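Listed below are the residues making up each chain.
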2 protein chains.
Amino acid sequence: VRLWVREPARAEELRARGENAKYLPGVPLPASVQPTARLEEAAREADAIIVAVPSEHARGTYRELGRHVKAGAVLISATKGFELERLLRMSEVAAEEVPAARVTVLSGPSFAQEVAQEQPTAVVVASTDVAAAEEVQRALSNRRFRVYSSQDVVGAETAGALKNVIAIAAGILDGIGYGHNTVAALITRGLAETSRLAVAMGGRPDTLAGLAGLGDLVLTCTGGLSRNRRLGQALGAGRTLAEALSASPMVAEGIRTTIAACELAARHAVEMPIAAQMRRVLHEGLAPREAVDALMLRSLKRE
Amino acid sequence: VRLWVREPARAEELRARGENAKYLPGVPLPASVQPTARLEEAAREADAIIVAVPSEHARGTYRELGRHVKAGAVLISATKGFELERLLRMSEVAAEEVPAARVTVLSGPSFAQEVAQEQPTAVVVASTDVAAAEEVQRALSNRRFRVYSSQDVVGAETAGALKNVIAIAAGILDGIGYGHNTVAALITRGLAETSRLAVAMGGRPDTLAGLAGLGDLVLTCTGGLSRNRRLGQALGAGRTLAEALSASPMVAEGIRTTIAACELAARHAVEMPIAAQMRRVLHEGLAPREAVDALMLRSLKRE
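Quick summary incoming for the structure in this document. In this text, all values refer to a predicted model and were calculated from it rather than measured experimentally.

## Observations regarding the sheet that holds strand 6 (residues 74-77) of chain B
All names here are of chain B. Sheet architecture is open: 5 strands sit in the order 5-6-9-10-11, paired in mixed fashion. The open sheet has two edge strands, strand 5 (48-51) and strand 11 (145-150), and neither has a second partner. Direction aside, the axes of adjacent strands within the sheet are offset by 25° on average. Sheet topology note: the strand 10 (residues 121-126)/strand 11 ladder contains 6 bridges and is parallel.

Next up, the structure:
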C-alpha cells in the first residue's frame, strides 16, 4: 500500500515518524503503508486507488493520476463536494480525467480517528459498475469496518457533500448556545432539503435514509470531531470567518459546497432554506444568529 | 393551568417550593400553574389536557379522566409506548376510555429541560381530527416552541415509542466505549427498522423522516439527557438491569416497549433486529456486548 502526499518533506516526515502527526496523531502507520510524494510511483501498479484530496484539488489530482493509472484500476472517491465551475460531482470529475479507470464513491459515517481506533464503522461504496463496487467492498471490509454496496452514486455523493453545509449550521446553533432540541430539528430539516435536491438530481430516497445520508449527517452534526461543525461553532460564538478558518489546518468543504448547493437548488427548482441561509452567512456577511433564527423560528405550518 | 400529580404530598411540595425539584430542578413553576392532586379539579373545566403519565399507568389515568372531562375537550397524549396486553397505541387507549374527548398526540425532539429553558424546539401534534390538531397547535405554540400539525397518528406514536428501544442500544454502545461512527450506524439502522414497522402499521414514511421520527430518534440517541440511553450506558458498562434501574427515578419506557415492538414485528411480519437483540438483553440476560456486536458486525450485503 502506498500513501501519496503532495509535499516531499511531508512524505519524508511520515516515513521518519511512522505517524501522520498533523492529521491523525497517535495512530502508528502500519509497516505495509509506504509514504511517497511521487504520484506515479503510488499509482502505477495500483489495482485500487482511494482519492481523498479536498474538492478544489480534485480535478488537478485526477488529471495527473490519469497519466499513471493502469486500465481497469478502481478509483474510490472519498472527496465530498462539487466542482464549482460546472457543478460536477467528484465521480464525474474522476470519470472525465481518468477514463481508463472504473469509478466508485465511498461515503458514510466514518471519522478517521475512530476508524483508526477500529471502532465498528459502517460505510457505503456506490458505483454504477456493480462489479467495481463489490471489489472495493471485498478489498476494504473487515470485521470492524463494514462496507455496504450501492448503485446510487448521485445520492451518495450529494448527501456526502450537503452534510457539510448542514453541519456548519449545526455548529452555529452550538456556538450560540442552543441545545439538543434545536440541533435535532435542524438535522431533520437538513436531511429533508438534502433529500429534495438529491432526488431531483436522480438519487434514490433510500440512499438519503441510509448510512451515506442520515448516518453521515447525524455523525457530522452531533459527533465531537467534525471540522465543518467546528467552523460553525466558532461563527456562532462570534468569531469572523477568517478567525474561524485560521483555527484549523483542515479544509471545511462546507464553505464551497454551500455555493454549489444554492446553484444546484436553483437549477433543479428545489427549496433549500438552510443552504440559502448558510450562503448568506458565509459569503454575504449575515449574522449567524439571524440566519438560524430565520430557519428555526419560521411561521407555523403543517410539517 | 392546573398541573395534576398523583400524590397529595408532591402537589403540596410543588406548591410550596414553586419548582419540581425531582424531575425539573432549577425551573420555577409559573404562577399561572396550579399543582393539585385532585384529578377532577384539574380536568373538570379544561379545554385541553396534556397527559404525560408512563405508559403502564395510561389506561388507569384515562379511565379516571373519562369521568371528569367535558365533552369536546382535547386530549394531548405525550406518553410514549404501547399497552402491552393488546398492543394498543396510547391514543387508542385514550379514545377507548375518554370517548367524549378529541384525541391528539404530541411528539418530537423536546427534552423538557431545554423546553423550560426556552431553547428553540420544534414538535408535531398529530390527529385524525384536523381541527383538534390545529387547536393544539395554536394553544401550545410560541416563538420558541414550534408545533407543526400532522394527520399521521400511527406514524408519530410508533416512532415515538420505538426510539426508546433504539436509545437503549445506543447507550450500550456508549457504555462499551464504542464511538460516534458506531452510534451513527445504529441510528440509521434503527430508523430503518422503526420505519418498516410504522409503515406496516399504516404510518406514513414522511412522518418517520420528520421531527417525530428522525428528529426525536437523533435527540434521544445523541443528546446527553435521555433516560433510556442512560440505562443502556449502564448496561454497556457492565451493570445489571436492577443496578441500572435503581440509578434513576425516571421510567425507561424502552424496557416495556421492546416487548411490544417484538410482538408487533411478528404480527406485521417485519424484521426488527435491534429490537430483537434488546429484548434478549433486557429480558433474557444476553450480554449487551454480544447483542450489539451481532448487530454491528453482521455479514456483508447491499445496504
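## Quick notes on the state of the cysteines
Tallying each qualifying case throughout the model produces 0 disulfides over all chains. In this model Cys 262 of chain A remains outside any disulfide bridge; the closest cysteine sulfur is found in Cys 221 of chain A, 16 Å from its own. Left unpaired, Cys 221 of chain B is separated from the closest cysteine sulfur, that of Cys 221 of chain A, by 15 Å. With a relative accessible area of 1%, Cys 221 of chain B lands in the buried category.

## Quick notes on helix 1 (residues 8-17) of chain B
Turn by turn, an α-helix covers 3.6 residues, leaving residues three or four places apart pointing in a common direction. Residue and element names in this part refer to chain B. Among the residues of helix 1, Arg 10, Ala 11 and Leu 14 are the ones counted as buried. All buried residues of helix 1 lie within an arc of 105° about the axis, which places them on one face of the element. For helix 1, the exposed residues lying more than 90 degrees away from the buried face are Pro 8, Ala 9, Ala 16 and Arg 17. Of the surrounding elements, those touching the buried residues of helix 1 are strand 1 (2-4), strand 2 (19-20) and strand 4 (34-36).

## Let's talk about the sheet that holds strand 6 (residues 74-77) of chain A
Residues and elements named next belong to chain A. Overall, mixed pairing links the 5 strands, which are arranged 5-6-9-10-11 in an open sheet. This sheet does not close on itself; its edge strands, each paired only once, are strand 5 (48-51) and strand 11 (145-150). Mean inter-strand twist for the sheet, computed between neighbouring axes without regard to direction, equals 25°. Against the sheet, helix 4 (residues 90-97) engages strand 6 and strand 9 (102-107), with an angle of about 155° to strand 9. The sheet contacts of helix 7 (residues 153-176) involve strand 6, strand 9 and strand 10 (121-126), and relative to strand 9 the element is tilted by about 45°.

## Here we look at the packing of aromatic side chains
A complete count under the given rule lists 0 aromatic pairs over all chains for this structure. Looking at Arg 189 of chain B, its charged tip hangs above the ring of Tyr 148 of chain A, at a distance of 4.5 Å from the centre.

## A closer look at the relation of the copies chain B and chain A
In screw terms, the move from chain B to chain A is a rotation of 180° and a rise of 0.0 Å along the axis, fitting with an RMSD of 0.0 Å. When the rotation and shift are considered jointly, the pair of chain copies conforms to a two-fold rotation axis. When the interface residues of chain B are mapped onto chain A, 100% of them again fall at the interface, so both copies present the same face.

## Thoughts on the nonpolar core
Across soluble globular proteins, you tend to see nonpolar side chains buried next to one another. Ranked by size, the top nonpolar core spans 114 residues in total, and within it Met 278 of chain A together with Met 278 of chain B carry the most contacts. Discounting chain neighbours no more than four positions away, the residues touching Met 278 of chain B are Val 165, Ile 168, Ala 169, Ile 172, Thr 258, Ala 291 and Val 292 of chain B.

## Things to note about the packing of helix 7 (residues 153-176) of chain B against helix 8 (residues 180-200) of chain B
Residue and element names in this part refer to chain B. Close contact between helix 7 and helix 8 brings their axes to 9 Å; oriented N to C, the two are set at 150°. Relative to helix 8, helix 7 is oriented roughly antiparallel. In this structure, the crossing between helix 7 and helix 8 has a hand that is right-handed. Within the contact between the two elements, helix 7 uses Val 154, Thr 158, Ala 159, Leu 162, Ile 166, Ala 169, Ala 170, Leu 173 and Asp 174 and helix 8 uses Thr 182, Val 183, Leu 186, Gly 190, Glu 193, Thr 194, Leu 197 and Ala 198. For the contact of helix 7 with helix 8, a count of residues per class yields 11 nonpolar, 4 polar and 2 charged.

What counts and how
Residues numbered from 1 in each chain as written. Chains lettered and ligands numbered in written order. Predicted model: local features only at pLDDT ≥ 70, side-chain atom pairs only at ≥ 80, totals over all residues. Heavy atoms only, no water. Pairing = 2+ DSSP bridges. Helix = DSSP H or I, 4+ residues; strand = E, 2+ residues; numbered from the N terminus. Axes fitted to C-alpha atoms, helices over the stretch in contact; angles between N-to-C directions. Disulfide = S-S within 2.5 Å. Buried < 20%, exposed > 50% of the residue type's maximum accessible area, 1.4 Å probe, protein only. Arc of directions from axis to C-beta. Contact = heavy atoms within 4.5 Å. Phe/Tyr/Trp six-rings, centres within 6.5 Å; stacked < 30°, edge-to-face > 60°. Lys NZ or Arg CZ within 6 Å of the ring centre and 35° of its normal. Least-squares fit on C-alpha atoms with pLDDT ≥ 70 in both. Core = buried A, V, L, I, M, F, W, Y, C linked by side-chain atoms within 4.5 Å. Parallel < 35°, antiparallel > 145°, perpendicular 65-115°, else oblique. Left-handed = near helix turned anticlockwise from the far one by under 90°. Nonpolar A, V, L, I, M, F, W, Y, C, P; charged D, E, K, R; others polar.

Bear in mind that shape data such as this cannot, by itself, settle questions of function.
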